[in-house]
Amino acid sequence: MKICLIGASSSAIFYLYILSNFLKENVLNLKDLTIDIIVLEKNKVIGRKFLATGNGRCNIANKITTDFSYNNSETYDVYNEFDNQSIIDYFEKHGLKLDISKENYDSFVYPYSKSAKSTLNLLLSIINNNFSYINSTSKKFKINLTYSIEEKFLDYQEKGDLILIKTDKRTIEANKIIFANGGMSSPSLGSDGSIYGILKKHGIKVIEPHAGLSPIRVKNNFSEIENERLKIKAKLRLKEVKYEEVGEVIFKKNYVSGIVAFNIYSIIKRLSFVKNIKDISLTLDLIPTINKYEELLEYTKQLGSLFLFGIFSTNIAKYLSKFLKLDINKKYLQLNENEVKVIFENLKNFKIDYALEDDFKSSQVTIGGVSYSNLDLSSLNSKSNKNIYFIGEILDSDGLCGGYNLMFCFSSAMKVVKSISSDFLNHPSI
Ligand SMILES: Cc1cc2nc3c(=O)[nH]c(=O)nc-3n(C[C@H](O)[C@H](O)[C@H](O)COP(=O)(O)OP(=O)(O)OC[C@H]3O[C@@H](n4cnc5c(N)ncnc54)[C@H](O)[C@@H]3O)c2cc1C
């Protein structure tokens, strides 16, 4: 049997890791079979995007999932079958020690090494060791794994039970093909979205891709506060949806960056393009720890119109003084109660005038992709050809920042390992 994996990054590596553990655990129950797995990767190296995750520290999971963590019910269906706790337990049981302590964002989970490079090397070694163990232990079952780097998948053709895979170097005859070649975000790291056109030609429905987890492009001009950081509460409002998140943002001339900004942008995109909801208002609470205007009033009694300089950095205070039309040249100019009320409301609801255009270069995940309507959701294979599978970001799946995308890669890879497992075993696994 020949299995061809397209792409050698997060979801493909997880697939091989889970498969190798599964076969090792069932080594005495394997069929009389030879499996050739060929992994095609157009980059010069394996796992280029995986290496970039979490700023090279690899934010691999999250202890909390909410209604906003993923984009749609099908993504949750796949994820829920093998969720965060199962993933954390799985890694710990299969050689990857995790750091689940409270650090930075409380719920983010990293490998103990805090290194994507070490994690990738470890997973690749586990895969190789497991396959060697299986080959030396099982008399009848053999598995051969080949990574073919700098080989680009171009197209495929269905020929009876086989799939002819056309690359820029040759044609490969395979029994199964697993698409693990990602979306179109950060194209310099690998995937550029060219796959969507190829799949559409084969009748596979693709939900129009948009850039997610990206800095928020704004029409406001923040050049005076460029590179300033501020802890805020971002508030999205529209009729039926209310989303709030607290965190640090970084102001740039024409955009706002930081994890909160990335998440907010994904949610706006999901709502605007997928659900076709317009008029979503985005405001920032610039003083999230001050909850009553009386607190501010008390403070202004000490510093008058200069009070902003006691709360914000000099640049932000100057910017906001201008915005609020406060005369900072007249020192200690007292503000009356009504003036403080208005200032309080303005600081609590600072309006962000966002722009929606896609910037895939700075995006970390693609919203949209291969529609679940093409697939048998229980096994992630194509409804029209059961030997064609999809895992990871190529699917119409997107998660927020915090390990959700790698968790989805893992859960979807687990689903495909499980769905093919009976092909390898003499007796169903217990
Ligand atoms: C900077 C950055 C930081 C991130 N940090 C995190 C994080 O900390 N935690 C988290 O959960 N998620 C993070 N993500 C998102 C996460 O990395 C992706 O969702 C995940 O890697 C998707 O995995 P995948 O295997 O589906 O696709 P990819 O990782 O994109 O891998 C697809 C592979 O397929 C190859 N390929 C594409 N087309 C072809 C072709 N035609 N022929 C051959 N090969 C092909 C590509 O070169 C690539 O190697 C981050 C993303 C970015 C860009």
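Residues numbered from 1 in each chain as written. Predicted model: local features only at pLDDT ≥ 70, side-chain atom pairs only at ≥ 80, totals over all residues.

(A) The overall build of the protein chain, seen in detail. Within the protein chain one finds twelve helices and 21 strands. In the protein chain, which comprises 430 residues, the proportion classed as buried is 41%. Partitioning the contacts of the protein chain with sequence separation of at least 6, the portion at a separation of at least 24 is 75%. (Helix = DSSP H or I, 4+ residues; strand = E, 2+ residues; numbered from the N terminus. Buried ≥ 20, exposed ≤ 12 C-beta atoms within 10 Å, placed from the backbone. Contact = placed C-beta atoms within 7 Å.)

(B) Summary view of the site of the ligand. In the neighbourhood of the ligand, 39 residues make up the surrounding shell, with Gly7, Ser9, Gly182, Gly190 and Gly392 lying closest. Secondary structure elements with two or more residues in the shell around the ligand: helix H1 (10-25), strand S2 (34-41), helix H2 (48-52) and helix H12 (404-421). Grouping the constituent residues of the shell around the ligand by class yields 15 nonpolar, 18 polar and six charged. (Near = placed C-beta within 6 Å. Nonpolar A, V, L, I, M, F, W, Y, C, P; charged D, E, K, R; others polar.)

(C) Highlighting unusual backbone geometry. Of note in the backbone geometry, Lys325 takes a positive phi value of approximately 55° without being a glycine. Here Lys325 is to be found in the loop between helix H10 (314-323) and helix H11 (337-348). Accessibility expressed as a C-beta count within 10 Å gives 7 for Lys325, which makes it exposed. Phi is positive for Leu380, which is not a glycine, with a value near 60°.

(D) Geometry of the sheet that holds strand S13 (residues 229-237). The sheet built from six strands is open, its strands ordered S12-S15-S14-S13-S16-S17 with antiparallel pairing. The sheet terminates laterally at strand S12 (216-217) and strand S17 (350-351), the two strands that pair on one side only. Of the pairings in the sheet, the one linking S13 to strand S16 (residues 281-285) comprises five bridges and is antiparallel in character. Bridge pairing in S16 places Lys233 opposite Asp285. Set on the sheet, helix H7 (residues 259-274) makes contact with S12, S13, strand S14 (242-251), strand S15 (255-257) and S16; between it and S14 the angle comes to about 135°. (Pairing = 2+ DSSP bridges. Axes fitted to C-alpha atoms, helices over the stretch in contact; angles between N-to-C directions.)

(E) Up close: H10. Turning to H10, its buried residues are Ile316, Tyr319 and Leu320. Angularly, the buried residues of H10 cover 95° about the axis, an arc narrow enough to put them on a single face. Exposed and oriented more than 90 degrees from the buried face of H10 are Thr314 and Lys322. On its buried face, H10 sits against S13 and helix H9 (308-311). Lys325, located one to two residues past H10, shows a positive phi value of around 55°. (Arc of directions from axis to C-beta.)

(F) Broad picture of the domain arrangement of the protein chain. As assigned here, the protein chain comprises domain 1 (2-210 + 367-421) and domain 2 (215-357). One C-alpha centre belongs to domain 1, the other to domain 2, and the line joining them spans 40 Å. Contact with domain 1, which involves seven residues of that partner, is made by nine residues of domain 2. Of the residues in the side of domain 1 that touches domain 2, the class split is four nonpolar, two polar and one charged. (Domains from an automatic or database assignment.)

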